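Examination of the molecular architecture
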Amino acid sequence: MWPIFDYGRFVSIISSSDVYGVVWMRSLAQLHKMANLRVLVGVKRVIDYAVKIRVKPDNSGVVTDGVKHSMNPFCEIAMEEAVRLKEKKLAKEIIAVSCGPAQAQETIRTALAMGADRGIHVEVTGKEYENMTPLHVSKIMAKLAQDQEANLVILGKQSIDGDNNQTGQMTAALLDWPQATFASEVTKENDHLKVVREIDGGLETVKVTLPAVITADLRLNEPRYATLPNIMKAKKKKIAKHKAADFGVDLTPTLEVVGVEDPPVRQAGQKVESTEELVAKLKDSGVV
Amino acid sequence: MAATVRTVLSRVLPQSGALAASLTAGASSRLPAATSTLLHRCRSTGAPDEVVTLEQFRPETSSVPSTMDIGTRRIFTEDHDIFRASVRRFWAEEVAPNHTQYEKDGQVSREVWLKAGEQGLLGVNTPEELGGIGADVLYSAVVWEEQMYSNCSGPGYAMHSDIVMPYIQKYGTPEQHERLLPAMVAGSKIGALAMTEPGAGSDLQGIRTNAKKDGDDWILNGSKVFITNGWMADVTIVVAITNPQAKSAAHGISLFLVEEGMPGFKKGRKLDKIGLKAQDTAELFFDDVRLPPSALLGQENKGFVYLMQELPQERLIIADMAIASSEFMFEETRNYVKERKAFGKTVSRLQTIQHKLAEIKTDIVVGRAFLDQCLELHNQGRLDSNTASMAKFWASDLQNRVATQCLQMHGGWGYMWEYPIAKAFVDSRVQPIYGGSNEIMKELIARNIVT
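Residues numbered from 1 in each chain as written. Chains lettered and ligands numbered in written order. Predicted model: local features only at pLDDT ≥ 70, side-chain atom pairs only at ≥ 80, totals over all residues. Heavy atoms only, no water.

All right, on to the interface of chain A and chain B then. Taken together, the 20 residues of chain A in the interface contact 25 residues of chain B. When residues of chain A are sorted by the area they lose upon contact with chain B, Asp65(A), Tyr225(A) and Leu228(A) head the list and together hold 37% of the total. The interface formed by chain A and chain B holds three salt bridges in total. The shortest N-O distance in the salt bridge between Arg109(A) and Asp79(B) comes to 4.0 Å. Those elements that provide at least two residues to the side of chain A that touches chain B are α3 (104–114) and α7 (228–234) of chain A. For the side of chain A that touches chain B, the class distribution of residues is nine nonpolar, four polar and seven charged. (Contact = heavy atoms within 4.5 Å. Buried area = accessible area lost by both parts, 1.4 Å probe. Salt bridge = Lys/Arg side-chain N within 4 Å of Asp/Glu carboxyl O. Helix = DSSP H or I, 4+ residues; strand = E, 2+ residues; numbered from the N terminus. Nonpolar A, V, L, I, M, F, W, Y, C, P; charged D, E, K, R; others polar.)

So, on to the UniProt feature "domain: Acyl-CoA oxidase/dehydrogenase middle" (unreviewed entry) in chain B. Mapped onto the present numbering, the UniProt feature "domain: Acyl-CoA oxidase/dehydrogenase middle" (unreviewed entry) falls on residues 192–289 of chain B. The span residues 192–289 of chain B shows a helical share of 0% and a strand share of 48%, and its end C-alpha atoms are spaced 17 Å apart. (UniProt positions renumbered as here; feature names shortened; annotations may be inferred.)

Now for the side chain of Ser254(B). Residues and elements named next belong to chain B. Along the polypeptide, Ser 254 turns up in strand β9 (residues 253–259). There is a polar contact of 2.5 Å between the side chain of Ser 254 and the side chain of Thr 242. If we ignore the near neighbours within four places in the chain, the residues touching Ser 254 are Val 238, Val 239, Ala 240, Thr 242, Leu 296, Glu 300, Asn 301 and Gly 303. (Polar contact = N/O pair within 3.5 Å; in protein donor to acceptor, adjacent residues only side chain to side chain.)

To continue, consider the pattern of salt bridges. All names here are of chain A. Counted under the stated rule, the structure contains 44 salt bridges over all chains. A salt bridge links Lys 44 to Asp 161; the shortest N-O distance between them is 2.9 Å. Here Asp 161 lies in the loop between β6 (152–156) and α6 (167–175) and Lys 44 lies in the loop between β1 (37–42) and β2 (45–47), a separation of 117 residues in the sequence. Taking relative accessible area as the criterion, Lys 44 reaches 30% and is therefore assigned partly exposed. The salt bridge involving Arg 84 is made with Glu 80; its shortest N-O contact spans 2.7 Å. Placement of the pair is Arg 84 and Glu 80 together in helix α2 (residues 73–87), with a separation of four residues, close to one helical turn. Taking the relative accessible area as the measure of exposure, Arg 84 reaches 31% and is therefore partly exposed. Assessed through its relative accessible area of 2%, Glu 80 is described here as buried. (Buried < 20%, exposed > 50% of the residue type's maximum accessible area, 1.4 Å probe, protein only.)

Below is the structure:
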């Protein structure tokens, strides 16, 4: 077994005259390292995208009870990317993580059916769950990444309930790892990952060294169906249960939700006959 | 956690793991292991608006927003839900967009069979050792039901996986298993079952197709009609007379595996049906077809026994698909009447429509309860043919009643081919006929009553 040296930081000379030997061992070690990605994937249980959201009568939040839930679509894409890395023999293990109540296990099981090797359920319930924010989740993810010795964390770019787009970035910062967010393409290149990011101006390509955090955007891939053979195999895979306290994370809320309201009802528009009329109306209403 | 909750059955259940476990103990071992999970609130009158935890409680279709919702019915588990979500997606993304074309062609494509094989939708109940998926029959039920929920009656996956493959699996030789089952699971070989003839349907003992011994081989002569998957089938199980002198026709029937390409085996044409337009139902002709000894399925002259053993599952499939189709038609109609306007308000505000919907939903939910009972029994291997016959005739009659009423509620648009209800209506008409006509079902049920 070759000891894996971090050749990015220092060179270990086996024989001072054997330069080729050093170079050969360097790329072998890096290949070895690349083929051994341990990937941590966060999967969040959210209200299904097709459900019509209703605000609670007391305006404290949205109705979640008895409402259909499923895996956040961006988490599905993140999970799919991890499975593809494993199929390309670049990843050796995928761990699916979810923070939430008991039902979050369903989401983890779906991730196992897609191809994750094992799951971790961080149980957070009741008020603590309602008040959990991306900062809490990032702290948990960061600690997990260290404990599990992961070298790649893939998350969805945002969840469709919070729409925060913070967890990936915060996790990277807490770990002091590089981050590549809004990924629409991820390729392995020697000792780093080349990631194409979707930004407002178009596409940006970055190189990130490992370990790193990636967040998945819509066009990264098309998630697979969970096939029945994989669902059957998933039954035998393990889900470890933990509490946030196990990671030294305090779930005291840092934010208070003051109120939740329906968006304003869409008003009817006005039809105009000509551009002049349009401009006149815009000027009258003070918009222009 | 001492709160009590009133369920739809109006029984007060104290919060106790042991009691909850004992409630489930009487039912089958299919019910999932205890996990704490939030109760789906059942809105019975007077129920307090509170949320309680109880050992895994899955609501039935009577008390959830849609009769087709995932996460319902106690016979299923969360794993079935995960599978159902994928299967639903498959039907919606791979089959439904092409279905209009399939109806024009009178058949589905080879690709959609291969895709189904890839996704693990074929041979679901076939044991793993024989190349199947090795899941229980409830997973197969998910595939049948989702087919009806997607209103795509074209692909004959249920006939292939859950009628034809079980015959081969149970009565075939290891050689036949190896040659046929893995390919059938992959979708590269399509299966069909040929019992009915132009001159004999219900009167199975009146068939004329026969196989005469010639050395070690058999020479098959005759014809079959109304064969599901007939046009595309690569392997067809043919029911033929092998002993014309038997004391009764039933004792002289055998099953043969006739494969595409055998000389003398011709497929006549795709039949022009009033419904199931995308299904490649065909007529088959056997003109001195030479069958090797390896084509005999099971033992000589034991064919009728095999048929009697396998027909209950066929009837269960028809019954389950009938209820599933009724659920689909109901949801489709409910959505339509909520949108359609007449007399200054939506049609759903008319009391006559509301009462009709209430009656239909109740009938469907009651039917679903019986079918779930049958599915559960069948999963334990305890479904007798009598019960299966009851399910088949009752559910298919219900489906036709629901189809007529739902089409009526669609008004003129219900008569238009492009509306899903029209297709569901014509498709439903064959259900009381095939798989054993409802009259025959009543014959069989009555025998147990009066003898």
